[in-house]
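Residue-level structure breakdown
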Amino acid sequence: MWLPDTARQVIEAAESGSMEEGPAFDAKAQLPGSKKNIDLAIDVAAMANDGGVLLYGVGEDENRRPTLPHPFELAGALERIASIVSTSLSDPPFIDPRPLPLEADPAQGFVLLHVPQSARAPHQATVGNDMRFYGRAGEINVRLTEGEIERLYARRARAAVDRDELLNDRIRLGPPAQDDLGFLHAFARPLALDTDFMDRAAPTTGRVIELLRELARTTDNVQPPSGYGPGLTQYLTWEPKGAKVWTLGREDDEDQSNSVRCDLNVDRRADLFCGRAAARPPRTHAEDSPLYIINPVIVGNLASFLSIVGAYYQAANYFGAVDLGVAITGILGATGYSEDNRHMFYAPTYNAPDYREHAQVTVAELQDVTAAVLMLLRRFLGTVYRPDWDPFKSPA
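Described below are features of the structure shown in this document.

1. Things to note about the pairing of strand β16 (residues 321-329)
The buried fraction of β16 is high, at nine of nine residues. Of the two faces of β16, the one carrying A321, D323, G325, A327 and T329 and the one carrying V322, L324, V326 and I328 are both buried. Inspection of the sheet shows strand β10 (residues 181-190) paired to β16 by eight bridges, in the antiparallel sense. Of the residues in β16, the one forming a bridge with P190 is V322.

Quick look at the structure:
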């Protein structure tokens, strides 16, 4: 997907004739007039089914090819686009509008409107009396048939079922359950896989190594105030795991309490495992000793994981929907705790064998790592500690 960064790139592509319109790209000479808001709403709704780009400021020549740059006044353009989308579509999709100002006159330029594939598609146009659903057929928008609408609704419903299965897969592929340890599993999956994803994020081997180091450094961005281990923050070096997966962290088959790893696939998939979500006190691994839920290990490693995948997706210009899932297993009868002024306060024991939660977010929402972690763990943390506890502000 072509996402130009500058007005110069737009002008060069237009004047060279290399700009090609199709199902995922449409160029417009200008934003629609004030009485034509429906046109922009329909364009966004149609692109949101499978993702695409709308470029404003490039007109067509006599052969109907986008070869004529028409920079326009940028003031208020992004605000108008956001207003139209939020008020003219049912369940408005996420959009990413970007100004591309001219070097000589920054007040003038182009607007790139990136419309990622929406997990909530189809989106109904609600301006006036339209109330229809749209899609792309080649270079044009078309009304969706009843069958196409049903297919998109089925895709939406299938996502929740798929997330449950992904969690089951992560648990099944992990190490066998242990009486003295609880495990943390998590995954991140974009709506559609893409085998060229890593190549766009880092097109050369040297750039891949540099990118991975940058991703590892993001693990320090948001962390709980309590120290903990094992943690992804301890590692900066990624190791190849076959030809398609890079791994950050450590795996200790003899003592899983030392294990923590993030697996990053070149096709956008990512997985997290930590072997010390819960543990018995050191040197007292008897069956009758208490099993404690290690909240900082869970919160800190999940925050690190989401920081890495959010930065990974941004690096390759993916801003669409992402399926997230987390499972904390082996915690039946375990107790959450915190330490304050040398006194230990115990929460009720956890009366289920595991905790599971999943959700679907946009990459933009992933940039607020704290909010994403709390969304996935709020019910769990409220059970093992207290409902109003913020693990990023108060030590455990």
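Here the narrative resumes, following the displayed structure.
2. Section: the packing of aromatic side chains
Enumeration according to the criterion identifies seven aromatic pairs in this entry. Here F133 and Y153 contribute two aromatic rings whose centre-to-centre distance is 6.4 Å and whose plane-to-plane angle is 80 degrees, an arrangement assigned as edge-to-face. Pair noted here: F133 is in the loop between β7 (108-115) and β8 (134-137) and Y153 is in helix α4 (residues 146-173), with a separation of 20 residues, a long-range link. A residue is classified by how much of its surface remains accessible, and Y153, at 37% relative accessible area, is partly exposed.

3. Considerations on the environment of I298
Along the chain, I298 turns up in helix α7 (residues 295-315). Taking the relative accessible area as the measure of exposure, I298 reaches 1% and is therefore buried. As for I298 and G275, which are separated by 23 residues in sequence, their C-alpha atoms are 10.0 Å apart.

4. A word on the side chain of D267
In this structure, D267 sits in the loop between β13 (260-265) and β14 (270-279). According to the relative accessible area criterion, D267 is buried, its value standing at 9%. Of the polar contacts made by the side chain of D267, one reaches the side chain of R269; its length is 3.1 Å.

5. Re the pattern of salt bridges
Within the structure shown, the criterion is met by 21 salt bridges. D96 is the partner of R98 in a salt bridge, and the nearest nitrogen-oxygen pair spans 2.7 Å. In this pair, the class of R98 matches that of D96, namely buried. Close ionic contact of E357 with R379 constitutes a salt bridge, the shortest N to O distance being 2.9 Å. Taken together, the residues E357 in strand β19 (residues 354-362) and R379 in helix α9 (residues 369-384) connect sequence positions 22 residues apart. Here the salt bridges share partners, and the residues they tie into one network are D26, K28, D43 and R136.

6. A few points about the environment of T349
Within the fold, T349 resides in strand β18 (residues 343-349). Taking the C-alpha atoms as reference points, T349 and L272, 77 residues apart in sequence, are found 25 Å from one another. Look past the residues within four positions of T349 in its chain and what remains in contact with it is G333, A334 and T335.

7. Observations regarding the nonpolar core
One finds W238, L302, F305, L306, Y313, L377 and F380 to be the most contacted residues of the largest nonpolar core, which totals 67 residues. Not counting chain neighbours up to four residues away, the residues in contact with Y313 comprise A188, R189, P190, F197, R268, Y318, V322, V363 and L366. Within the second largest apolar cluster, 25 residues are counted, among which are L40, I84, V115 and Y134.

8. Comments concerning α9
Helix length check: α9, at 16 residues, gives a terminal C-alpha distance of 21 Å against a target of 22 Å (1.5 Å per residue), a fit within 8%. Approximately 65 degrees is the largest bend angle found in α9, and it occurs at L377. Among all positions in α9, only V369, A372, V373, L374, L376, L377, F380, L381, G382 and V384 are buried.

9. Examining the packing of α7 against α9
Orientation of α7 relative to α9, taken along the N-to-C sense of each, is 160 degrees, at an axis distance of 9 Å. One way to sum up the angle between α7 and α9 is to call them roughly antiparallel. Considering the relative orientation of α7 and α9, their crossing is right-handed. Side by side, α7 and α9 meet where N295, I298, V299, L302, A303, L306 and S307 of the first sit next to V369, A372, V373, L376, L377, F380, L381 and V384 of the second. A per-class count over the contact of α7 with α9 returns 13 nonpolar, two polar and no charged.

Each value, and the rule that gives it
Residues numbered from 1 in each chain as written. Predicted model: local features only at pLDDT ≥ 70, side-chain atom pairs only at ≥ 80, totals over all residues. Heavy atoms only, no water. Buried < 20%, exposed > 50% of the residue type's maximum accessible area, 1.4 Å probe, protein only. Helix = DSSP H or I, 4+ residues; strand = E, 2+ residues; numbered from the N terminus. Pairing = 2+ DSSP bridges. Phe/Tyr/Trp six-rings, centres within 6.5 Å; stacked < 30°, edge-to-face > 60°. Polar contact = N/O pair within 3.5 Å; in protein donor to acceptor, adjacent residues only side chain to side chain. Salt bridge = Lys/Arg side-chain N within 4 Å of Asp/Glu carboxyl O. Contact = heavy atoms within 4.5 Å. Core = buried A, V, L, I, M, F, W, Y, C linked by side-chain atoms within 4.5 Å. Expected span 1.5 Å × (residues − 1). Bend = angle between axes of the 7 residues up to and from the residue. Axes fitted to C-alpha atoms, helices over the stretch in contact; angles between N-to-C directions. Parallel < 35°, antiparallel > 145°, perpendicular 65-115°, else oblique. Left-handed = near helix turned anticlockwise from the far one by under 90°. Nonpolar A, V, L, I, M, F, W, Y, C, P; charged D, E, K, R; others polar.

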